[in-house]
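The lines below spell out each chain.
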Amino acid sequence: MKLPVFLHRFLGAGAPDDAAREAQIMRRLRFTPMGEFDESDIFVCGWPKSGNTWCQRLFSGVVWGLDTKVLTDQLAQFLQPDVHYKPYYYRFGTPTLFKSHLPPQPEYRRVIFLIRDGRDALVSYWRMLKKANPQVKIEDLFYQGDSLSPCAWETHARAWLANPFQAKILTVRYEDILASPLEQLRRVASFIRVTRTDDELSRIAAGANLEKMKWIAERHGWDNASSAAAQDFLGAGRTGSFREAMPSCIQEAFQRRAGDTLKQFGYA
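Residues numbered from 1 in each chain as written. Predicted model: local features only at pLDDT ≥ 70, side-chain atom pairs only at ≥ 80, totals over all residues. Heavy atoms only, no water.

1. A word on unusual backbone geometry
Now for step 1: Residue Thr94 is joined to Pro95 through a cis peptide bond whose omega torsion reads 10°.
Now for step 2: Structurally, the position occupied by Pro95 is in the loop between β3 (88-90) and β4 (97-100).
Now for step 3: At the junction of Ser149 and Pro150, the peptide bond is cis and its omega measures out at 0° in the coordinates.
Now for step 4: Its location among the elements puts Pro150 in the loop between α6 (138-142) and α7 (153-162).
Now for step 5: With phi around 70°, Arg30 is a residue other than glycine that occupies positive phi space. (Helix = DSSP H or I, 4+ residues; strand = E, 2+ residues; numbered from the N terminus.)

Structure representation (structure tokens):
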């Protein structure tokens, strides 16, 4: 979130690359450096391609009662900041919700843990990276193991199961949001401690469907426009896609490496 040159001048600041002065300016504008959290804040944590961007929109709707069918990514990122690329955020209220792909962190005291079948998540991750680099193979990603950002799927899932910092965790499965969005949003609203009617939650779910998200992205783009394949970030959102897209040898290797974890979350 770099300040434009004209704003530096308007505020009497120095050069835009003066980090200390920029921090001072952001404080004056009442922005908070990323990393300064309140113990009541909520972190929505999921391995990449586990419905993180979708839930950023859904949960912003739950917190603020927004019309999700016109909610741009820019506004969703402002309301539920991404810890990975937002150096500052604006605290509209406490608790604030944050988007994260990280495994457990000491400061993450309240967590909505998003989990998706790791095989589908890996396929979706691969398809996203393939748009920027057509040469990448799904085998390349799988055999990176914990070198793959943020780590291997099963390492991430097992870490949240272990819950080493004793966070209060609500686990939400991607597949359950697809199958019963109203029921899952009720659970989320209760965890966040906001009151929404079933009609409100149904509208929030309907407004954040994949086609509407793609329509908004085509017209307004993405907040992080510099990310790889930003203009074609959303996948198909299907379950079980790994059966066609993932070579059988990788399916078998995934089962050997993570079969116990898949089973714990109800994935055959």
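After presenting the structure, the write-up continues.
2. Topic: the nonpolar core
Considering soluble globular proteins, one finds that nonpolar side chains tend to be buried as a cluster.
Now for step 1: The biggest cluster of nonpolar side chains holds 36 residues, and the ones touching the most others in it are Leu122 and Trp153.
Now for step 2: When contributions to this core are tallied by element, the ones reaching two or more residues are β2 (42-46), β5 (110-115), α5 (118-132), α6, α7, α12 (242-245) and α13 (248-264).
Now for step 3: Broken down by element, this core gets its largest block of residues, 6 residues, from α5.
Now for step 4: Setting aside residues up to four positions removed in sequence, Trp153 forms contacts with Trp47, Ile115, Arg116, Asp117, Gly118, Phe254, Ala258, Thr261 and Leu262.
Now for step 5: Ranked by size, the runner-up nonpolar core spans 25 residues in total, among them Val44, Trp54, Leu97 and Leu201. (Core = buried A, V, L, I, M, F, W, Y, C linked by side-chain atoms within 4.5 Å. Buried < 20%, exposed > 50% of the residue type's maximum accessible area, 1.4 Å probe, protein only. Contact = heavy atoms within 4.5 Å.)

3. Description of the sheet that holds β2
Now for step 1: The strand order across the open sheet built from 4 strands is β4-β2-β5-β6, with neighbouring strands paired in parallel fashion. Of all the strands in the sheet, just β4 and β6 (168-173) have a single pairing partner and so form its edges. Strand-to-strand twist in this sheet, taken as the mean axis angle between neighbours without regard to direction, amounts to 20°.
Now for step 2: Relative to β6, β5 is paired through 6 bridges, and the arrangement is parallel. Across the sheet, residue Phe113 finds its bridge partner in β6, namely Thr171.
Now for step 3: Relative to the sheet, helix α3 (residues 52-64) contacts β2, β4 and β5, its axis offset from that of β4 by approximately 175°. (Pairing = 2+ DSSP bridges. Axes fitted to C-alpha atoms, helices over the stretch in contact; angles between N-to-C directions.)

4. Points about helix α9 (residues 181-192)
Every α-helix carries 3.6 residues per turn, so stepping three or four residues along brings you back to the same face.
Now for step 1: Spanning 12 residues, α9 covers 16 Å between terminal C-alpha atoms, matching the ideal 16 Å at 1.5 Å per step.
Now for step 2: Along α9, the residues classified as buried are Gln184, Leu185, Val188, Ala189, Phe191 and Ile192. All buried residues of α9 fall inside an arc of 160° around its axis, so they share one side.
Now for step 3: Positive backbone phi, at 70°, marks Arg193, one or two positions downstream of α9. (Expected span 1.5 Å × (residues − 1). Arc of directions from axis to C-beta.)

5. Considerations on α7
Now for step 1: Listed as buried for α7 are Trp153, Glu154, His156, Ala157 and Trp160. What you see down the axis of α7 is that its buried residues fit within an arc of 160°, all on one side.
Now for step 2: In this fold, the buried residues of α7 make contact with β2, β5, α5, β6 and α13.
Now for step 3: Looking one or two residues past α7, Asn163 carries a phi angle of roughly 50°, positive in sign.

6. Quick word on the pattern of salt bridges
Now for step 1: Under the criterion given, the structure shown has 9 salt bridges.
Now for step 2: Notably, a salt bridge pairs Arg186 with Asp198, separated by 2.9 Å at the nearest N-O pair. Pair noted here: Arg186 is in helix α9 and Asp198 is in helix α10 (residues 198-207), with a separation of 12 residues, a long-range link.
Now for step 3: According to the relative accessible area criterion, Arg186 is partly exposed, its value standing at 40%.
Now for step 4: On the accessibility criterion, Asp198 (35% relative accessible area) is partly exposed.
Now for step 5: The partner of Arg196 in a salt bridge is Glu200, and the shortest N-O contact between them spans 3.8 Å.
Now for step 6: Of the residues examined, Glu200 reaches a relative accessible area of 25% and is grouped as partly exposed. (Salt bridge = Lys/Arg side-chain N within 4 Å of Asp/Glu carboxyl O.)

7. Considerations on the packing of aromatic side chains
Now for step 1: Applying the stated criterion across every chain, the model contains 17 aromatic pairs.
Now for step 2: When the centroid spacing of 4.8 Å and the interplanar angle of 90° are considered together, the rings of Tyr89 and Phe98 count as edge-to-face.
Now for step 3: Here Tyr89 falls in the buried class, since its relative accessible area comes to 2%.
Now for step 4: Taken together, the ring pairs in this structure connect Phe31, Trp64, Phe78, Tyr90 and Phe92 into an aromatic cluster. (Phe/Tyr/Trp six-rings, centres within 6.5 Å; stacked < 30°, edge-to-face > 60°.)

8. Digging into the confidence of the model for the protein
Now for step 1: Here the protein shows a mean pLDDT of 89. Residues at 70 or above account for 88%.
Now for step 2: Taken together, the stretch residues 5-15 has pLDDT below 50 and engages in 15 contacts with residues farther than four places along the chain or on a different chain. (pLDDT = per-residue confidence, 0-100.)

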